[in-house]
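# Structural features, examined
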Amino acid sequence: MPKDENYLICRCEEISLKEIKNVKNNGLTTSQEIKMATRAGMGVCQGRICRSLIEQLVAETEEGSCKLPSKLTVHHPVRPVPLGMIVNKED
Amino acid sequence: MKFDVAIVGAGPAGLKAAIEIARAGGNVVMIDDHPHVGGKLNGQLHEEPNNGDWWIGVSIAEQLKQEALSLGITILTGTQVWSVEEGWKLFISNVDGRPLDNNMIESKALLLATGAIEKPLPLPGWTLPGVLTIGGAQVLTNQYQVKPGNRVIVVGVDILSLSIARAMKMAGADVVGIYIAPKNEFTSGISNPKELLSSFSSMTKFAPNLFMRLGGNVLKSAIGCSLAALFYPKNGMKVWDIPIHFRQSILAINGEQEVESVTLTKIDPTGNAIGESFLEKVDAVCISGGLSPQNELAAVAGCEFVRLNGLSGVVPLHDQYMQTTVEGLFVAGNITGIEGAKVASAQGVLAGSSINKYLSIGNVNEGNLERNAKQVEIVRETADITFHSEIGSARNKLQKLWEHRI
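Residues numbered from 1 in each chain as written. Chains lettered and ligands numbered in written order. Predicted model: local features only at pLDDT ≥ 70, side-chain atom pairs only at ≥ 80, totals over all residues. Heavy atoms only, no water.

## Concerning the side chain of A:K35
Residue and element names in this part refer to chain A. Relative to the helices and strands, K35 resides in helix α2 (residues 31-38). Summary of buried charges: K35 has no salt-bridge partner, and the nearest side chain of opposite charge, E55, is 11 Å away. Setting aside its immediate chain neighbours within four residues, K35 contacts A40, M42 and L72. (Helix = DSSP H or I, 4+ residues; strand = E, 2+ residues; numbered from the N terminus. Buried < 20%, exposed > 50% of the residue type's maximum accessible area, 1.4 Å probe, protein only. Lys, Arg positive; Asp, Glu negative; His and termini not counted. Salt bridge = Lys/Arg side-chain N within 4 Å of Asp/Glu carboxyl O. Contact = heavy atoms within 4.5 Å.)

## Re the UniProt feature "domain: BFD-like [2Fe-2S]-binding" (unreviewed entry) in chain A
The sites that carry the UniProt feature "domain: BFD-like [2Fe-2S]-binding" (unreviewed entry) are, in the present numbering, residues 8-60 of chain A. Regarding residues 8-60 of chain A, the helix share stands at 45% and the strand share at 9%, and the terminal C-alpha atoms are separated by 20 Å. (UniProt positions renumbered as here; feature names shortened; annotations may be inferred.)

## Details of the nonpolar core
If you look at the biggest cluster of nonpolar residues, it comprises 38 residues, and the most contacted ones within it are B:I7, B:I21, B:V28, B:M30, B:I73, B:L111 and B:I355. Of all the secondary-structure elements, those providing two or more residues to this core are β1 (2-8), α1 (12-23), β2 (28-31), α2 (57-70), β8 (104-112), α9 (341-359) and α10 (366-381) of chain B. Residues contacting B:I7, with those up to four places away along its chain left out, are B:G14, B:A17, B:A18, B:I21, B:V28, B:V29, B:M30, B:I31 and B:L111. Core analysis: the second largest hydrophobic core is formed by 34 residues, A:L53, A:L72, B:L123 and B:V282 among them. (Core = buried A, V, L, I, M, F, W, Y, C linked by side-chain atoms within 4.5 Å.)

## Regarding the pairing of strand β14 (residues 242-254) of chain B
All names here are of chain B. Across the 13 residues that make up β14, a large majority, eleven, are buried. Of the strand pairs in this sheet, β14 and strand β15 (residues 261-267) are connected by six bridges, and their pairing is antiparallel. What sits directly across from A252, in β15, is T263. Hairpin connection between β14 and β15: a loop of six residues separates the two successive antiparallel strands, and G255 in this loop has a positive phi of roughly 160 degrees. (Pairing = 2+ DSSP bridges.)

## What about the packing of helix α1 (residues 17-25) of chain A against α2(A)?
Residues and elements named next belong to chain A. Running from N to C, α1 and α2 point in directions that differ by 115 degrees, and their axes come no closer than 10 Å. Between α1 and α2 the crossing geometry is right-handed. Between α1, through E19, I20, V23 and K24, and α2, the contact on the second element is made entirely by I34, A37 and T38. Considering only residue class, the contact of α1 with α2 consists of four nonpolar, one polar and two charged. (Axes fitted to C-alpha atoms, helices over the stretch in contact; angles between N-to-C directions. Left-handed = near helix turned anticlockwise from the far one by under 90°. Nonpolar A, V, L, I, M, F, W, Y, C, P; charged D, E, K, R; others polar.)

## Details of the UniProt feature "domain: FAD/NAD(P)-binding" (unreviewed entry) in chain B
Under the present numbering, the feature "domain: FAD/NAD(P)-binding" (unreviewed entry) in UniProt falls on residues 3-182 and 241-348 of chain B. In residues 241-348 of chain B, helix accounts for 13% and strand for 44%; the two terminal C-alpha atoms are 37 Å from one another.

## What to know about the domain arrangement of chain B
Residues and elements named next belong to chain B. The domain boundaries assigned to chain B delineate domain 1 (2-117 + 291-404) and domain 2 (120-287). Between domain 1 and domain 2, the residue contacts involve 21 residues of the former and 16 residues of the latter. The residue makeup of the side of domain 1 that touches domain 2, split by class, is eight nonpolar, nine polar and four charged. (Domains from an automatic or database assignment.)

## Digging into a negative patch on the surface
Residues and elements named next belong to chain B. Taken together, the side chains of E256, E258, E260 and D283 make up a negatively charged region of the molecular surface. Mapped onto the fold, E258 is located in the loop between β14 and β15. By relative accessible area, which is 48% here, E258 ends up partly exposed. (Patch = residues over 30% accessible without salt bridge, like charges linked within 9 Å, V, L, I, M, F, W, Y side chains within 5 Å. Areas by Shrake-Rupley, 256 points an atom, 1.4 Å probe, with all protein chains shown as cover. Charge placed at Lys NZ, Arg CZ, Asp CG, Glu CD.)

## A closer look at α2(A)
Residue and element names in this part refer to chain A. For α2, the full list of buried residues reads S31, I34, K35 and T38. Looking straight down α2, one finds that the buried residues subtend no more than 100 degrees of arc, so they occupy a single side. Buried-residue contacts for α2 involve β2 (15-16), α1 and α3 (51-57). Phi turns positive, to about 75 degrees, at R39, one or two residues after α2. (Arc of directions from axis to C-beta.)

## Details of the interface of chain A and chain B
Residue-level contacts link 37 residues of chain A with 40 residues of chain B. Where chain A touches chain B, the interface holds seven salt bridges. One salt bridge connects A:K21 with B:E185, and the closest N-O pair in it is separated by 2.2 Å. At the junction of chain A with chain B, the criterion picks out 14 residue pairs in polar contact (both at pLDDT 80 or more). For the side of chain A that touches chain B, the secondary-structure elements that each account for two or more residues are β1 (8-10), α1, α3, β3 (64-66) and α4 (83-90) of chain A. With five residues, α3(A) is the largest single contributor of residues to the side of chain A that touches chain B. Across three bridges, the pairing between β3(A) and strand β19 (residues 305-308) of chain B is antiparallel. Of the residues in β19(B), the one forming a bridge with A:C66 is B:F305. (Polar contact = N/O pair within 3.5 Å; in protein donor to acceptor, adjacent residues only side chain to side chain.)

This is how it looks when you write it as structure tokens:
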């Protein structure tokens, strides 16, 4: 039975494991590159679900100190909020 | 709104810290995105392994809440913090999108007790309605008293999935069995019966029945684990009358509009599928992929981090008194690594006293902090529930990395 890899990894942007593997096979090796190429991790949840999966696919899981928790940068807002709120904050 | 201390997360760690600070005279606000305080306590319902008492998380949460309210602590539920700025400013919004009177909270110190998030474990069909995480099943069953399904299977054999499978069974669900996670890119370490049995041997306190039947100490040796994985009964064996299948796994979840069945397979001792696959009719699938620390706010605040397997992920680097690399920013609970509610509570007390000292609230001295830090270690050593066999060594490594940094 051929392996089914059409299931989703990034649910927000509807990116499948197959799509991510395709760009990986085309030479993209970091989670940032995969995000830029596929939009995986750029949806409404901002990678809260798929971040750890993408990191595992590119083996960015080594032990040790790090300046940031992930190479997939964490930006604010860390929860979905109306744009108006962000505008008010910057005022 | 101005406070001495703002605490994000009203689980056991946050509540204990808030109480510690308010008792000393500090002015505290707690913010939690859930409708009830208590965090993961609300889903916890299990028999204590050492004395047979029941741990009823909801009652413990209620007691802590009453104590917090009697001390005048401000509690904002249904409220999320979407950004923080050093100083401290917390930007908040209502989880249901309705406007708040105040969109910002100011405080002199910040405690992040944001807990953990469940790790997804993707497989074909995992996005169908009727598939939920084991934590979701826990909240539905134990907190809201709703059965996740009538005929349920659990994927992923771990401490959490065992106790929640039991809770679902007690709630009247037909729990078909607990199956080992499928071998794929995302399941190294939890899809291999041999490795899994080995990691379980260090957590025997939790499920004594299971391990007595397996021969107890036999599992402690590497040879024992290989043999156990090889000779584990192919039809599983029952714990609390629920079959646990170390020699079967799931290939896919099937259904048109919702879960209708799962495709199962036998596996060899290293997790590879063998033989013909077969169907099992179910209406719910509960997936347990483990927990990882919820660290986004610490990232936005500019903390330094450390990734350690024993802590189950990436945590803000912190000292033995829960201070992070950012001044005035403290952490407690599962954001510092995945452990049980008792450890989180002890960490909360420690973080609370540490903040009291930082802000000169009450009369906290170094001796108090040392005692509270020692208490965390005692609770950790005597914990009934361990989520990772390397937790002790990971805590030591974290301490070394902190010292090395200075």
